[in-house]
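As a plain string of letters, each chain reads:
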Amino acid sequence: MSQMETAIALLIGVFDKYACTEGKKDTLSKGEMKTMMEKELPGLMKNAKGKDDCGELLKDLDENGDSEVDFKEFIIFVAALTCLGHERFQHVSKK
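Colleague: Outline the nonpolar core, listing residues and values.
Modeller: Side chains of nonpolar character tend, in soluble globular proteins, to be buried together. One finds Leu 28, Met 33, Met 36, Val 69, Phe 74 and Phe 77 to be the most contacted residues of the largest nonpolar core, which totals 14 residues. Secondary structure elements with two or more residues in this core: helix H1 (3–19), helix H2 (30–40), helix H4 (53–61) and helix H5 (71–94). When near neighbours in sequence (up to four residues on either side) are disregarded, Phe 74 contacts Leu 11, Val 14, Phe 15, Leu 28, Met 36 and Val 69.

Colleague: Pulling in residues and values, what's your account of the confidence of the model for the protein?
Modeller: Residue-level pLDDT values for the protein average 84, and 84% of them are 70 or greater. Per-element confidence in the protein is highest for H1, whose mean pLDDT is 97, and lowest for H4, whose mean pLDDT is 70.

Colleague: Go over the pattern of salt bridges, please, and point to the residues and values.
Modeller: Applying the stated criterion across every chain yields a total of four salt bridges. Between Lys 17 and Glu 40 there is a salt bridge, with the nearest N and O atoms lying 4.0 Å from each other. Of this pair, Lys 17 sits in helix H1 while Glu 40 sits in helix H2, and the two are 23 residues apart along the sequence. The class for Glu 40 is partly exposed, based on a relative accessible area of 34%. When the shortest N-O distance is used, the salt bridge between Glu 38 and Lys 34 registers 3.8 Å. Of this pair, Glu 38 and Lys 34 both sit in helix H2, separated by four residues, roughly a single helical turn. Lys 34 gets classed as partly exposed once you look at its relative accessible area, which sits at 38%.

About the thresholds
- Residue positions are given per chain, counted from 1 along the sequence in the order it is written.
- Confidence filtering applies because this is a predicted model: local features only for residues at pLDDT of at least 70, side-chain atom pairs given and counted only at 80 or more, and all residues used for totals across whole chains, interfaces and linings.
- Where side-chain values are given, they derive from all heavy atoms of the structure, hydrogens and water being excluded.
- For the purposes of this section, nonpolar cores are sets of buried Ala, Val, Leu, Ile, Met, Phe, Trp, Tyr and Cys residues that join through side-chain atoms within 4.5 Å.
- Partly exposed describes any residue whose relative accessible area lies between the buried limit of under 20% and the exposed limit of over 50%, with all areas from a 1.4 Å probe on protein chains only and scaled to the type maximum.
- Helix and strand labels come from DSSP, where a helix needs a run of H or I of at least four residues and a strand needs a run of E of at least two; each type is numbered from the N terminus.
- Two residues qualify as a contact provided that any one of their heavy atoms is within 4.5 Å of a heavy atom in the partner residue.
- On a scale of 0 to 100, pLDDT captures the predictor's confidence in every residue.
- Think of a salt bridge as a Lys or Arg side-chain nitrogen and an Asp or Glu carboxyl oxygen that are within 4 Å of each other.

As structure tokens, then:
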């Protein structure tokens, strides 16, 4: 597989790994989202300011108001993080 195909497969795998631990198998609950972020984004979680940052993030991501994150909402989250990371790396590399 190409790098892009591998990246897509990995994102699908990460979502599915955490979505199947409780409740619906095709969405992330607040608990699943928190666990996923703690395990897959430890650097980001280390810098979290509040105790319920994950709950606030879930509200922001939850476009359809079902109190869970579906795959489309998850990909929007990943895309936003990727854009922020890209901007930061460009800024750092210019110094």
